[in-house]
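Coordinate inspection notes
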Amino acid sequence: MRRIHVGNALSAFGLGFTVPYLYVYVAQVRGLGAMTAGLVLAVFAVAALVVLPFAGRAIVRRGPLPVLLAALVMAALGALSLGLAGNAPSVLLSAAALGAGQAVMQPALATMIVDCSSAETRSRAFATQFFLQNLGLGVGGLIGGHLVDTTRVSSFTLLFAIEAAMFLLLVVIMSTVRTPHSPRIEDAPSRSARGSWKQLLGNRAMVQLSVLGFVLFFACYGQFESGLSAYGVEAAGISTSALGTALAANTLMIVVAQFAVLKFVERRRRSRVIAAVGLIWAVAWVVAGYAGLGHGSQEMATAAFVSTYALFGLGEAMLSPTVAPLVADLAPEGMAGQYNSAFALVKQLALAVGPAVGGPMGASLHAPYVVTFLLFSLGITVLALRLGRRLTAVQDQPWRTRSRVVARGAAPAEPVAAEA
C-alpha cells in the first residue's frame, strides 16, 4: 500500500508539471493557435472515453498491475513526444497517448488499493490517495511554474521530460509490488465482455451511484477551470491572480482538512455524507452568487469567490473516503476493475460535458448559471438519500464489519444487515 501511495504521488507530481501550462505550450510556445490547443484538451477526454470501456475488462482478466505498467509506459511516451512535437498532427497523437495512459492509471491504481485494503481500512486508503494526489499536483505545478519560460521551447521540453521520467520511475516502483491474489475472470465461470457490462447495469445500486457520480463531477469538477472561472472573471471582476488564489485555497483546504474530515465521516453513513456534500456545495454556489451578483466591494467579492473554492475543497475531502470505497464494495468478487473503470468513464463524461455547458453560461448568463448549479447541488443530496435506501447496511456503514468480507454485488431493494 505504501508503494501504491508513492505511485499516486509521483504520477500527480508529474502531471502537475504540465497540466496548467498545456494550453499556453500548444497555442503560444509552439505557435499552433487556440483551436489546436482546444483540440488537444478535447483529445484527452476522447482518448479516455475510448480506452476506459476496455480497461476494466483488461484489469479483471490480467490484473491491475500489468495494465497499470502498460498505461505508464504509454503515458511516458506520450509526454516525451508531446514535449518534442512541433506540428499539429504530432501534438494531437502525443496528447492521445498521454490521455489514454492517464485515464487507465486511475482504475488500475484504484483496483490495487481495493486488493490491498480491507473494509475497515479502505476509506483511509482512498483518503490518503486523494491527499497525495492534490499535494503532488500542487507541488508539481509550483515547481513547474518556476521552470517554464514562454520564450524558450526547451523549458517546456524539460517539463514534459520530467513528467515522462516520473511515469518511468513509477514503472520501476510498481514492478516491485506484490498485491494479494484476488479472483479473476479465469477463476469464475466464463463471461463475455457484453455479459459483464450487462451484469454491471443490472446492479441498480451501481447505476444509481453512477448517475450520482455524473452529477457530482458535472456540478463541481467540471466547473473549476471553465464555467466558474469564467463567471468569476466576467461577473465578479476577479483578477487572474485572485483566480490563482482561489485554486490554491481549494487545494489547501483539501490538504489541511482531509484527515480531520476522515475522522468525522468514518463512522457515518456514506449516503448521508454524500448528501451533506450536496448541501455544502449549495452553500458554495450561494456564496458564488454573492460574489458576482451582490453589490459589495471588490474585496468582498474576491473573498467570497475564494471562499467558494474552499467550500468545494471541503466537499471533495468528504467524498474521497466515501465514493471510491463504495464503488469497490458494490462490485462482485473479481469485478472491482470493471466497476472502477465504469465509474471512471462516468467521471470523464461529466468532465467533458461540464465545461461545454458551464463555460458559456458562466461567461454570459450569470444568474441562471448560479441557480442551475445550485439546483444540481441540491439534486446531489436527493440522489444520495435515495441511493442510501438501496445499499445494504455494511455498504452504507462499513464499520459494521470487522473482517475482510464485505457485502458485495447487487443490493436488495430493502437494506439488510450483512454478516461479517
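This structure is a prediction, so every number in the text was calculated from the model and none was measured.

If you tally the helices and strands in the chain, you get 17 helices and 0 strands. Counting across all 420 residues of the chain, residues that qualify as buried make up 54%. Here the analysis covers contacts within the chain between residues at least 6 apart in sequence; of these, 83% occur between residues at least 24 apart. In the form shown here, the chain has an accessible surface area of approximately 17400 Å², with 67% of it arising from carbon and sulfur atoms.

Topologically, Ser11 is positioned in helix α1 (residues 2-18). If we ignore the near neighbours within four places in the chain, the residues touching Ser11 are Met105, Phe167 and Leu170.

Glancing now at the pattern of salt bridges. When their charged atoms lie close together, side chains carrying opposite charge are able to pair. Within this structure, the stated rule accounts for 3 salt bridges. The shortest N-O distance in the salt bridge between Asp396 and Arg269 comes to 3.5 Å. Taken together, the residues Asp396 in helix α17 (residues 393-396) and Arg269 in the loop between α11 (240-265) and α12 (270-293) connect sequence positions 127 residues apart. A relative accessible area of 2% places Asp396 in the buried class. Between Asp329 and Arg270 there is a salt bridge; the shortest N-O distance is 2.9 Å. With Asp329 in helix α14 (residues 323-330) and Arg270 in helix α12, this pair connects stretches of sequence that are 59 residues apart. Among the residues examined, Asp329 registers a relative accessible area of 1% and is labelled buried.

Take empty space enclosed by the protein next. The final tally for this structure, using the stated rule, is 1 cavity of 30 Å³ or more. In this structure, the largest cavity spans a volume of roughly 40 Å³. Leu15, Thr18, Val19, Leu22, Phe44, Leu98, Gln102 and Glu163 are the residues that line the largest cavity. Listed by contribution, the elements that provide at least two residues to the lining of the largest cavity are α1 and α5 (88-115). Of the residues belonging to the lining of the largest cavity, the class tally is 5 nonpolar, 2 polar and 1 charged.

The next point concerns the packing of α12 against helix α13 (residues 298-319). Packing of α12 against α13 brings their axes to within 8 Å, and their N-to-C directions diverge by 170°. Of the possible angle classes, the one that applies to α12 and α13 is roughly antiparallel. For the contact of α12 with α13, a count of residues per class yields 22 nonpolar, 3 polar and 1 charged.

Two elements in contact, helix α10 (residues 227-234) and α13, have axes whose closest approach is 11 Å; the angle formed by their N-to-C orientations is 165°. Judged by the inter-axis angle, α10 sits roughly antiparallel to α13. In terms of crossing hand, the pair formed by α10 and α13 is right-handed. Contact with α10, carried on its side by Leu228, Ser229, Tyr231 and Gly232, involves Phe305, Thr308, Tyr309 and Phe312 of α13 and no other residues of that element.

Now for the packing of aromatic side chains. A complete count under the given rule lists 16 aromatic pairs for this structure. Arranged with centres 5.1 Å apart and planes meeting at 40°, the rings of Phe217 and Tyr221 form a pair that is tilted. In this structure Phe217 comes out as buried when scored by relative accessible area, which is 12%. Between Phe217 and Phe343 the ring centres are 6.1 Å apart and the planes differ by 65°, which places this aromatic pair in the edge-to-face class. Of this pair, Phe217 sits in helix α9 (residues 204-219) while Phe343 sits in helix α15 (residues 336-364); the two residues are 126 residues apart in sequence, bridging distant segments of the chain.

So, on to a nonpolar patch on the surface. On the surface, a nonpolar cluster with roughly 470 Å² of combined accessible area is contributed by Leu135, Val139, Leu142, Ile143, Leu147 and Leu158. Take the nonpolar patch: its biggest share by element is 5 residues, from helix α6 (residues 122-147). Under the relative-accessibility criterion, Val139 is labelled partly exposed at 35%.

Core analysis: the biggest nonpolar cluster contains 63 residues, and Leu209, Leu228, Trp281 and Phe305 have the highest contact counts within it. Taken together, the elements giving at least two residues each to this core come down to α9, α10, α11, α12, α13, α14, α15 and α16 (366-388). Leave out the neighbours within four places in its chain, and Phe305 touches Leu228, Ser229, Tyr231, Gly232, Ile238, Leu243, Ala246 and Ala291.

Within an α-helix, residues lying three or four positions from one another point in the same direction, as the helix has 3.6 residues per turn. With 6 of 8 residues buried, α10 is to be regarded as a mostly interior element. Taken residue by residue, α10 has Gly227, Leu228, Ser229, Ala230, Tyr231 and Gly232 as its buried positions.

Time to look at the confidence of the model for the chain. Residues of the chain with pLDDT of at least 70 account for 90%, and the chain-wide mean is 82. In this model, residues 182-192 is a region of pLDDT below 50 whose contacts with residues beyond four sequence positions or in other chains number 21 contacts. Scored below 50 in pLDDT, residues 402-420 makes 52 contacts in the model with residues more than four places away or belonging to other chains.

What follows is about the environment of Tyr369. In this structure, Tyr369 sits in helix α16. When the C-alpha positions of Tyr369 and Gly359 are compared, they lie 9.5 Å apart, and in sequence the two are 10 residues distant. When sequence neighbours within four positions are dropped, the list of residues in contact with Tyr369 reads Gln223, Gly227, Leu228, Tyr231, Trp285, Gly358, Met361 and Gly362. At a separation of 2.9 Å, a polar atom in the side chain of Tyr369 contacts the side chain of Gln223.

Criteria and cut-off values
- Residues numbered from 1 in each chain as written.
- Predicted model: local features only at pLDDT ≥ 70, side-chain atom pairs only at ≥ 80, totals over all residues.
- Heavy atoms only, no water.
- Helix = DSSP H or I, 4+ residues; strand = E, 2+ residues; numbered from the N terminus.
- Buried < 20%, exposed > 50% of the residue type's maximum accessible area, 1.4 Å probe, protein only.
- Contact = heavy atoms within 4.5 Å.
- Areas by Shrake-Rupley, 256 points an atom, 1.4 Å probe, with all protein chains shown as cover.
- Salt bridge = Lys/Arg side-chain N within 4 Å of Asp/Glu carboxyl O.
- 1 Å grid on protein atoms, 1.4 Å probe; cavity = no way out; pocket = protein on both sides within 12 Å on 5 of 7 lines; lining within 4 Å.
- Points joined across faces, edges and corners; volume = space filled by probe spheres on them.
- Nonpolar A, V, L, I, M, F, W, Y, C, P; charged D, E, K, R; others polar.
- Axes fitted to C-alpha atoms, helices over the stretch in contact; angles between N-to-C directions.
- Parallel < 35°, antiparallel > 145°, perpendicular 65-115°, else oblique.
- Left-handed = near helix turned anticlockwise from the far one by under 90°.
- Phe/Tyr/Trp six-rings, centres within 6.5 Å; stacked < 30°, edge-to-face > 60°.
- Patch = residues over 30% accessible without salt bridge, like charges linked within 9 Å, V, L, I, M, F, W, Y side chains within 5 Å.
- Core = buried A, V, L, I, M, F, W, Y, C linked by side-chain atoms within 4.5 Å.
- pLDDT = per-residue confidence, 0-100.
- Polar contact = N/O pair within 3.5 Å; in protein donor to acceptor, adjacent residues only side chain to side chain.

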